[in-house]
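Reading the structure
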Amino acid sequence: MTLSGIQSPARNYRPFIIPVFLPNIGCPHKCVFCNQTAITGEKRKIPSPKEISLLINRFLGYKGEKRKRVQIAFYGGNFLGLKQDYIKSLLHEAAKFVFEGRVESIRFSTRPDSIDDERLDFLKEFPVATIELGVQSMDDDVLAMSRRGHTSFDTEKAVCLLKKRDYEIGLQMMVGLPGDDETGALETGRRIADMKPDFVRIYPAVVLENSLLGDWYKKGKYIPLPLEQCVTLVKKLYLLFRKNRISVIRMGLQSSESLDMESTILAGPYHPAFGALVYSEIFLDKAVSILESKKKDLHDMISIKVNQRNISCIRGQNNRNVKILKQKFHIKSIEIIPDMTLTEDMLEITA
Ligand code: SF4
């Protein structure tokens, strides 16, 4: 039985990314949920081109032989919101590595309202291949409540401009923002899918220290999504994007030392293996649906075969899926068998 739409993280084609963090640099103001210093673990400091060159060289030393596609990525701020001279100095430094043949191309993340023809014109001379936009929501009320300072129209316009110039486009969305709900998040997902980006990232809104959302949370004005509800919502979005053949390259915030510090996250659906929880729920749903169809002929003992890589997905965290299946279908024993002849989107149950 194939798990329609599932794309295991291991099968995702991913470049080796050299991240250069520019926390909150170039942002016209602070969005309510944001604290890039907490997310990236980097202090708000403008790095010099020389520091960037040293960092890139250090990362190139970590690259394995198998990773052919290498990109330098400017993340954590609003790249095109920086002063043009500074953008050029950063791109010049990164481009040297591309022209030497050590790196394939450059990517960065930026706000939708910082994309315009003038900025894209000056980018032409640099080997930028991928641009990620922080969309967050396609609901203008949610965007206003989150103090994003742009509208959904800005996003649609930005995507059009980027498509005309053939950039690889990534769109980032957030679930659990103030004023949003499941219907709204799924509508955002549909509108993002309609724009046909090359890939998406889905982040849960978590309550970070030193953010306005943190103040609202302390005053009882904001309640974050519970983890389980958030995982289920992100699963629905994941399946929506996969149905539309759009890669989902990340679900959940990247775990980092600073994020894992107790004082950094005040509340909200943060989990260091958030994506694994989503995959796990997809495998559970499929196993339930197969077992429902065999309900009449179920034995005390069953076996589930999956590709070796998906053993933890079918088991779930702390064997959660196995426990649920046992209880729901009154099964005494479930054997999980790795089977390398199965593709990573397959699941076979012998009942
Ligand atoms: S979410 Fe993006 S645009 Fe908003 S403050 Fe953070 S880095 Fe800047």
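Computed from a predicted structure; not experimentally measured. (Residues numbered from 1 in each chain as written. Predicted model: local features only at pLDDT ≥ 70, side-chain atom pairs only at ≥ 80, totals over all residues.)

1. Here's the deal with the packing of helix 2 (residues 49-60) against helix 3 (residues 84-99)
Viewed as axis vectors pointing N to C, helix 2 and helix 3 meet at an angle of 30 degrees, and their least axial separation amounts to 9 Å. Taken together, the axes of helix 2 and helix 3 lie roughly parallel to each other. The handedness of the crossing between helix 2 and helix 3 is right-handed. When helix 2 is examined against helix 3, the residues Pro49, Ile52, Ser53 and Ile56 are found in contact with a partner set consisting of Ser89, Leu90, Glu93 and Phe97. (Axes fitted to C-alpha atoms, helices over the stretch in contact; angles between N-to-C directions. Helix = DSSP H or I, 4+ residues; strand = E, 2+ residues; numbered from the N terminus. Parallel < 35°, antiparallel > 145°, perpendicular 65-115°, else oblique. Left-handed = near helix turned anticlockwise from the far one by under 90°. Contact = placed C-beta atoms within 7 Å.)

2. Let's talk about the site of the ligand
Residues in close proximity to the ligand include Asn24, Cys27, Lys30, Cys31, Cys34, Gln36, Gly77, Asn78, Arg111 and Gly134, which together make up its full environment. Partitioning the shell around the ligand into residue classes produces three nonpolar, five polar and two charged. (Near = placed C-beta within 6 Å. Nonpolar A, V, L, I, M, F, W, Y, C, P; charged D, E, K, R; others polar.)

3. With respect to the environment of His150
Looking at where His150 falls in the secondary structure, it is placed in the loop between helix 5 (140-145) and helix 6 (152-164). When the C-alpha atoms of His150 and Asp113 are compared, they prove to be 6.2 Å apart, with 37 residues separating the residues in sequence. In this structure, His150 is in contact with Arg111, Pro112, Asp113 and Leu143, ignoring residues within four places of it in sequence.

4. Re the sheet that holds strand 2 (residues 70-75)
Across the sheet, seven strands lie side by side as 1-2-3-4-5-6-8; this open sheet has parallel pairing. Single-partner strands in this sheet number two, and they are strand 1 (16-21) and strand 8 (247-251). Neighbour-to-neighbour, the strand axes of this sheet turn through a mean angle of 20 degrees, independent of strand direction. In this sheet, strand 3 (residues 105-110) lies alongside strand 2 in parallel orientation, the contact comprising four bridges. Bridged to Phe74 within strand 3 is Phe108. Against the sheet, helix 3 makes contact with strand 2 and strand 3, and its axis sits at roughly 150 degrees relative to strand 3, the strand it touches most. (Pairing = 2+ DSSP bridges.)

5. Focus: the nonpolar core
Formed by 85 residues in total, the largest nonpolar core has its most connected members in Val175, Ile202, Val234 and Val278. The residue makeup of this core includes at least three contributed by each of domain 1 (9-272) and domain 2 (286-350). If we ignore the near neighbours within four places in the chain, the residues touching Ile202 are Met173, Val175, Val234, Leu237, Val248 and Met251. (Core = buried A, V, L, I, M, F, W, Y, C linked by C-beta atoms within 7 Å. Buried ≥ 20, exposed ≤ 12 C-beta atoms within 10 Å, placed from the backbone. Domains from an automatic or database assignment.)

6. Comments concerning the domain arrangement of the chain
As a measure of interface size, the accessible area lost when the parts come together is often cited. Segmentation of the chain into domains returns domain 1 (9-272) and domain 2 (286-350). Using only C-alpha atoms to locate each centre, domain 1 and domain 2 end up separated by 35 Å.

7. Regarding the pairing of strand 4 (residues 128-136)
With eight of nine residues buried, strand 4 is to be regarded as a mostly interior element. Sheet topology places strand 3 next to strand 4; five bridges connect them, and they run parallel. Counted as the bridge partner of Arg107 is Thr130 from strand 4. As paired elements, strand 4 and strand 5 (residues 168-175) share six bridges and run parallel to each other.

8. A few points about helix 3
For helix 3, with 16 residues, the first-to-last C-alpha span of 21 Å sits near the 22 Å given by 1.5 Å per residue. Those residues of helix 3 that fall on the buried side of the exposure criterion are Ile87, Leu90, Leu91, Ala94, Phe97 and Val98. Contacts from the buried residues of helix 3 go to helix 2, strand 2 and strand 3. Positive phi appears at Gly101, one or two residues downstream of helix 3, with a value of about 85 degrees. (Expected span 1.5 Å × (residues − 1).)

9. Considerations on unusual backbone geometry
Its identity is not glycine, yet Arg147 carries a phi of approximately 55 degrees, on the positive side. Looking at the element boundaries, Arg147 is found in the loop between helix 5 and helix 6. On the basis of neighbour count, Arg147 is assigned to the partly exposed category, with 15 C-beta atoms found within 10 Å. For Asn318, which is not glycine, the phi dihedral falls at a positive 50 degrees. When you line up the elements, Asn318 lands in the loop between helix 12 (311-315) and helix 13 (320-329).

10. Remarks on the packing of helix 9 (residues 227-243) against helix 11 (residues 274-293)
At a closest axis distance of 9 Å, the pairing of helix 9 and helix 11 adopts a crossing angle of 75 degrees. When the axis of helix 9 is compared with that of helix 11, the two are roughly perpendicular. Facing Val231, Thr232, Val234, Lys235 and Tyr238 of helix 9, the residues of helix 11 in contact are Leu277, Val278, Glu281 and Ile282. Its residues placed into classes, the contact of helix 9 with helix 11 shows six nonpolar, one polar and two charged.

11. Remarks on the environment of Arg320
With respect to the helices and strands, the residue Arg320 is situated in helix 13. Take Arg320: there are 14 C-beta atoms within 10 Å of it, and that puts it in the partly exposed class. Here the alpha-carbon distance between Arg320 and Phe126, two residues 194 residues apart in the chain, equals 49 Å.

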